[in-house]
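This is what each chain is made of:
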Amino acid sequence: MSFFRPEIEALEPYVPGRQPGRDVIKLNANENPYPPAPGVRAALAALDADDMRLYPSAVSERLRAEAASAFGVSSDWIIAGNGSDEVLAWIVRVFLDRGDEIAVVDPTYTLYEVLAAMQGARTRRHPLSDTYALPAAFFGAKAKVTFLPNPNAQTGTLFPEEAIRRLCAGSPGIVVIDEAYGDFAGVTMMPLVREHGNLIVTRTLSKAQSLAGMRVGFAVSTPAIIAGLCKVKDSYNVNVASQAAGAAALADGAYLRATVAKIVATRERFAAALARLGWRVVPSAANFVLVAPPRGTAREWLDALEAKGFLVRHFNTPRLDNMLRISIGTDEQMHALRACIDALRF
Ligand SMILES: Cc1ncc(COP(=O)(O)O)c(C=O)c1O
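A brief report on the enclosed structure follows. (Residues numbered from 1 in each chain as written. Predicted model: local features only at pLDDT ≥ 70, side-chain atom pairs only at ≥ 80, totals over all residues. Heavy atoms only, no water.)

**Observations regarding the packing of aromatic side chains**
Inference 1: Scanning all chains against the criterion turns up seven aromatic pairs.
Inference 2: For the pair F71 and F218, a centre-to-centre distance of 5.6 Å together with 85° between the ring planes defines the contact as edge-to-face. Of the two residues, F71 is situated in helix α4 (residues 61-71) and F218 in strand β8 (residues 217-220); the sequence distance between them amounts to 147 residues.
Inference 3: What makes F71 buried here is its relative accessible area of 16%.
Inference 4: Following the ring pairs from residue to residue traces out a cluster consisting of Y14, Y109, Y112 and F147. (Phe/Tyr/Trp six-rings, centres within 6.5 Å; stacked < 30°, edge-to-face > 60°. Helix = DSSP H or I, 4+ residues; strand = E, 2+ residues; numbered from the N terminus. Buried < 20%, exposed > 50% of the residue type's maximum accessible area, 1.4 Å probe, protein only.)

In structure tokens:
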């Protein structure tokens, strides 16, 4: 006999990227190789013990005010979470009952499916085309919640605004556009939340703002939807240090643009270099590339690269199992990885 709900008993949990010590070149979790904006260090240094003694703002007041100004919406259209994964968990909790269905593309971020399963909801996967374009059936999906990262997780594909508009207009349920990698693409669907009452755009400071360790994410939607999400959040869900660091990062738009430009330039150089070595490189609008080796299996490359001190990501799923997802590090790191790949023989 089990004490667990059947959904939890049967659950295959999400497997996050490994977080080993610092003696590897870590390109497996789409973290940022550059430090956060200088104001973040100053904001954390300004905290004292008394700030730890008291609970933080329950509604992340200053953090949301900075997000409002960075995103161009007012604060009541924003809720802050302990990472955007927490925001995704609220969405599943407030909109899905047992037996409901979510729609996702395949391949994509697998956490959506895991969260839905916890709720007893089913997932309908819509396979992307061979060039990773959206399939027609995705637009007709009658799901309670549709999740789509833009750019897409694992492939880096950017979907056009026209497609997102069609998705929102044709969906009877909620549409979640997960913009975890949006800053690297330089586009956002946030303005569409005024036109489509079923749209939620999620954001994270883990990637472009270099704050993965602080866990700060957001949902942007109508005040009515934000109020509904707020009902299920923990009272003090974002801690004092994360609120201060997040606000400081959001206040420095110039630093963000400079960091993103460096990463995008490195990505393009690295993609071209790998293509010259015969690798298939999926065009990416994010801070990673999905690549397929010209010889040997992805698993063999994964192990060989790890033995040389490079950690990259492999997904053991049908469409990704002979590919590697490589996060973009500094120019020096990517140069070293390219040289290592060139030297490895199978
Ligand atoms: C598409 C996507 N959404 C959300 C997240 C989670 O971000 P956070 O660190 O804000 O929880 C990730 C992390 O890799 C991601 O790839």
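**Section: the site of the ligand**
Inference 1: Surrounding the ligand, one finds 13 residues, the nearest of these being S84, D178, Y181, T204 and S206.
Inference 2: In this structure, D85 approaches the ligand through a main-chain N or O atom, which is 3.0 Å from an oxygen atom.
Inference 3: Coverage of the ligand by the protein chains reaches 92% of its 400 Å² of free accessible surface.
Inference 4: Class assignment of the residues belonging to the shell around the ligand gives a composition of five nonpolar, four polar and four charged. (Near = heavy atom within 4 Å. Polar contact = N/O pair within 3.5 Å; in protein donor to acceptor, adjacent residues only side chain to side chain. Areas by Shrake-Rupley, 256 points an atom, 1.4 Å probe, with all protein chains shown as cover. Nonpolar A, V, L, I, M, F, W, Y, C, P; charged D, E, K, R; others polar.)

**Section: the sheet that holds strand β9 (residues 280-281)**
Inference 1: In spatial order, the strands read β9-β10-β12; together these three strands make up an open sheet with antiparallel pairing. Each having just a single partner strand, β9 and β12 (324-327) make up the two edges of the open sheet.
Inference 2: Here helix α12 (residues 253-276) sits on the sheet in contact with β9, β10 (288-292) and β12, set at roughly 5° to β10. (Pairing = 2+ DSSP bridges. Contact = heavy atoms within 4.5 Å. Axes fitted to C-alpha atoms, helices over the stretch in contact; angles between N-to-C directions.)

**Some thoughts on the pairing of strand β5 (residues 145-149)**
Inference 1: Counting buried positions over the five residues of β5 gives five, a clear majority of the element.
Inference 2: Along β5, one buried face is formed by V145, F147 and P149 and the opposite face, lined by T146 and L148, is buried too.
Inference 3: The pairing of strand β3 (residues 101-106) with β5 spans two bridges and is classified as parallel. By the bridge assignment for β5, A103 is matched with T146.
Inference 4: Note that β5 and strand β6 (residues 174-178) share five bridges and pair parallel. When the bridges of β6 are listed, T146 appears paired with V175.
Inference 5: A crossover connection joins β5 to the parallel β6 through helix α8 (residues 161-170); in handedness this β-α-β unit is right-handed. (Right-handed = clockwise from strand over helix to strand, strands pointing away.)

**Comments concerning unusual backbone geometry**
Inference 1: In this chain, D106 is followed by P107 through a cis amide linkage whose omega measures 5°.
Inference 2: Summarising the element assignment, P107 is placed in the loop between β3 and α6 (111-118).
Inference 3: Positioned with a positive phi, S60 is a non-glycine residue whose angle comes to about 45°.
Inference 4: Taking relative accessible area as the criterion, S60 reaches 1% and is therefore assigned buried.
Inference 5: Phi is positive for S210, close to 60°, though the residue is something other than glycine.

**Details of α8**
Residues that lie three or four places apart on an α-helix share one face, since the helix turns once every 3.6 residues.
Inference 1: Of the residues making up α8, those classed as buried are A163, I164, L167 and C168. Buried residues along α8 cover an arc of 135° about the axis, so they all sit on one side. Projecting away from the buried face of α8 at angles above 90 degrees are the exposed residues E162 and A169.
Inference 2: Against α7 (136-139), β5, β6 and β7 (199-204) lie the buried residues of α8. (Arc of directions from axis to C-beta.)

**Considering the sheet that holds β3**
Inference 1: Taken together, the seven strands give an open sheet; going across it, the order is β2-β8-β7-β6-β5-β3-β4, and neighbouring strands pair in mixed fashion. Two strands lie at the open edges of the sheet, namely β2 (78-81) and β4 (122-127), each paired on one side alone. Here the average twist between neighbouring strands, direction ignored, is 20°.
Inference 2: Judged from the four bridges that link them, β2 and β8 form a sheet pairing that is antiparallel. When the bridges of β8 are listed, G81 appears paired with G217.
Inference 3: Sitting on the sheet, helix α5 (residues 84-95) touches β2, β5, β6, β7 and β8, and the angle it makes with β7 is about 155°.

**Looking at the environment of L96**
Inference 1: Looking at where L96 falls in the secondary structure, it is placed in the loop between α5 and β3.
Inference 2: When its relative accessible area of 3% is taken as the criterion, L96 is described as buried.
Inference 3: C-alpha of L96 to C-alpha of S284: the two residues are 188 residues apart in sequence and 32 Å apart in space.
Inference 4: Sequence-distant contacts of L96, that is, excluding residues within four places in its chain, are made with E101, I102, A116, Q119, A121, K144 and V145.

**A closer look at the pattern of salt bridges**
Inference 1: Throughout the structure, instances matching the rule amount to 18 salt bridges.
Inference 2: For the salt bridge of K144 with D100, the shortest nitrogen-to-oxygen distance reads 2.8 Å. Of the two residues, K144 is situated in the loop between α7 and β5 and D100 in the loop between α5 and β3; the sequence distance between them amounts to 44 residues.
Inference 3: Note on K144: relative accessible area 38%, which makes it partly exposed.
Inference 4: Residues R203 and E179 are paired through a salt bridge, measuring 2.7 Å at the closest nitrogen-oxygen approach. Remark: E179 occurs in the loop between β6 and α9 (182-185) and R203 occurs in strand β7; sequence separation between them is 24 residues. Neither residue differs from the other here; R203 and E179 are each classed as buried. (Salt bridge = Lys/Arg side-chain N within 4 Å of Asp/Glu carboxyl O.)

Function cannot be read off these values alone, since they describe shape.
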